[in-house]
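So the chains spell out like this:
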Amino acid sequence: MCPELNLFGAKIYMFHICVLCAFITAVFVFVKRTKNVFRPEVQDSIIAMIGADIPFILIGAIVHNKISYASSLSDFFDILFVDTGIAYLGGFLGGLIGFMILFPILVGKQVSRIEVMNELVPSILIGHAIGRLGCLLGGCCYGKPSVFGIVYKVGTPAYMEYGAEKIFPVPILETILLFMLLGIILAIRKRAVSFYLAGYSFIRFFLEFIRGDFRGGHGYLSPAQKICIGIFIMTICVNGMVRYQRN
């Protein structure tokens, strides 16, 4: 594993490089895929909205961990300015809130929300998969000790937790599952948002059982699992209501 690079005396973390590559790749894929789907001016508006959504994504990703780790309101404010990392689900929910706020302002009625969301799903999956490689290189989001696994580099969070033990590479498994989900969604070619929400919440729920890092919360289920249950139930209910109205 290579958690960081030393460039002219400055440390550059591989996780940050992967996150940047993930975002650039996701936008590039969206532009290429929707070139003949949206008019140029509409596509430009959507890209501007994605850029404006970045602060919402970052705030959601950061605040998620603060809420998960804090056992009380005072704890939340105690760790508010302490680095507790970021979380994908928090970033996704923050980005979704930003999307709902920014869409009518920057895109308007030029195209429907759900149409744009469906087209964004493949980019989100690809970006997420690349980001998980950053987790692998950085030694975070690691699994539990396993016969089949990898030994993380000294100084990484995984090494500080388990030392030189072999750790199951959860980020690799998640990357593979994300690309499998992407393949299914591209093959079906409809209701991408619904399949993504249900599919990823299902994947993430079970991956949490083999994660070895502390992610906050109390009890048997992790905060991420509770969120996934909520997302899964909401997705099933919304799709059921839509089908009922159509019939």
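Since we're looking at a predicted model, the values are computed, not measured.

Analysis parameters
- Residues numbered from 1 in each chain as written.
- Predicted model: local features only at pLDDT ≥ 70, side-chain atom pairs only at ≥ 80, totals over all residues.
- Heavy atoms only, no water.
- Helix = DSSP H or I, 4+ residues; strand = E, 2+ residues; numbered from the N terminus.
- Buried < 20%, exposed > 50% of the residue type's maximum accessible area, 1.4 Å probe, protein only.
- Areas by Shrake-Rupley, 256 points an atom, 1.4 Å probe, with all protein chains shown as cover.
- Lys, Arg positive; Asp, Glu negative; His and termini not counted.
- Charge placed at Lys NZ, Arg CZ, Asp CG, Glu CD.
- Expected span 1.5 Å × (residues − 1).
- Contact = heavy atoms within 4.5 Å.
- Core = buried A, V, L, I, M, F, W, Y, C linked by side-chain atoms within 4.5 Å.
- Axes fitted to C-alpha atoms, helices over the stretch in contact; angles between N-to-C directions.
- Parallel < 35°, antiparallel > 145°, perpendicular 65-115°, else oblique.
- Left-handed = near helix turned anticlockwise from the far one by under 90°.
- Nonpolar A, V, L, I, M, F, W, Y, C, P; charged D, E, K, R; others polar.
- Salt bridge = Lys/Arg side-chain N within 4 Å of Asp/Glu carboxyl O.
- Patch = residues over 30% accessible without salt bridge, like charges linked within 9 Å, V, L, I, M, F, W, Y side chains within 5 Å.

Draft legend 1. Examining the overall build of the chain more closely. Broken down by element type, the chain carries 10 helices and 3 strands. Taken from the N to the C terminus, the helices and strands of the chain come in the order β-β-α-α-α-α-α-α-β-α-α-α-α. Along the first, second and third principal axes, the C-alpha atoms of the chain reach 55 × 45 × 40 Å. In the chain, which comprises 247 residues, the proportion classed as buried is 42%. For the chain, the accessible area works out to roughly 13,900 Å², and carbon and sulfur atoms hold 71% of it. Across the chain, the mean location of the 21 positive side-chain charges is 10 Å away from that of the 14 negative side-chain charges.

Draft legend 2. Local environment of unusual backbone geometry. At Cys141, a position not held by glycine, the phi torsion is positive, near 55°. Within the element layout of this structure, Cys141 appears in the loop between α6 (113–138) and β3 (145–150). A positive phi angle is found at Arg191, which is not glycine, with a value near 50°. With respect to the helices, strands and loops of the structure, Arg191 is situated in the loop between α8 (170–188) and α9 (192–207).

Draft legend 3. View of helix α3 (residues 54–69). With 16 residues, α3 should reach 22 Å at 1.5 Å per residue; the first-to-last C-alpha distance of 23 Å fits that figure. Restricting attention to buried positions, one finds in α3 the residues Gly60, Ala61, His64, Asn65, Lys66 and Ser68.

Draft legend 4. Quick look at the environment of Pro223. Within the secondary structure, Pro223 sits in helix α10 (residues 223–246). Along the primary structure Pro223 and Glu161 are separated by 62 residues, whereas in three dimensions their C-alpha atoms are 20 Å apart. Contacts of Pro223, omitting those with residues within four sequence positions, involve Ser68, Arg215, Gly216 and Gly217.

Draft legend 5. Just the nonpolar core, in detail. Membership of the largest hydrophobic core comes to 40 residues, with the highest contact counts inside it found for Ile46, Val116, Leu125 and Tyr196. If you list the elements that add at least two residues to this core, you get α1 (14–33), α2 (40–52), α5 (88–107), α6, α8, α9 and α10. When neighbours within four sequence positions are excluded, Tyr196 is seen to be in contact with Tyr88, Phe92, Val121, Ile124, Leu125, Leu181, Ile185 and Ser201. Counting residues in hydrophobic clusters, the runner-up holds 5 residues, among them Leu136, Tyr142, Tyr152 and Ile167.

Draft legend 6. Layout of the packing of α1 against α2. Here α1 crosses α2 at 165°, and the two axes come no closer than 11 Å. With respect to α2, the element α1 is oriented roughly antiparallel. Judged by the twist between their axes, the crossing of α1 over α2 is right-handed. Side by side, α1 and α2 meet where Phe23, Val27, Phe30 and Val31 of the first sit next to Gln43, Ile46, Ile47 and Ile50 of the second. Taken together, the residues that form the contact of α1 with α2 break down as 7 nonpolar, 1 polar and no charged.

Draft legend 7. Representation of the pattern of salt bridges within the structure. All told, the structure shown has 6 salt bridges when counted by the stated rule. A salt bridge links Arg204 to Glu208; the shortest N-O distance between them is 2.8 Å. Of the two residues, Arg204 and Glu208, neither departs from the other in class, the shared state being buried. When the shortest N-O distance is used, the salt bridge between Asp213 and Arg211 registers 2.8 Å. Accessibility classification places Asp213 together with Arg211 in one group, the buried group.

Draft legend 8. Quick look at a nonpolar patch on the surface. A cluster of nonpolar side chains, contributed by Leu20, Phe23, Ile24, Ile54, Leu58, Ile62 and Ile86, occupies part of the molecular surface with about 600 Å² of accessible area. Counting residues per element, the ones that place at least two in the nonpolar patch are α1 and α3. Looking at where Ile54 falls in the secondary structure, it is placed in helix α3.

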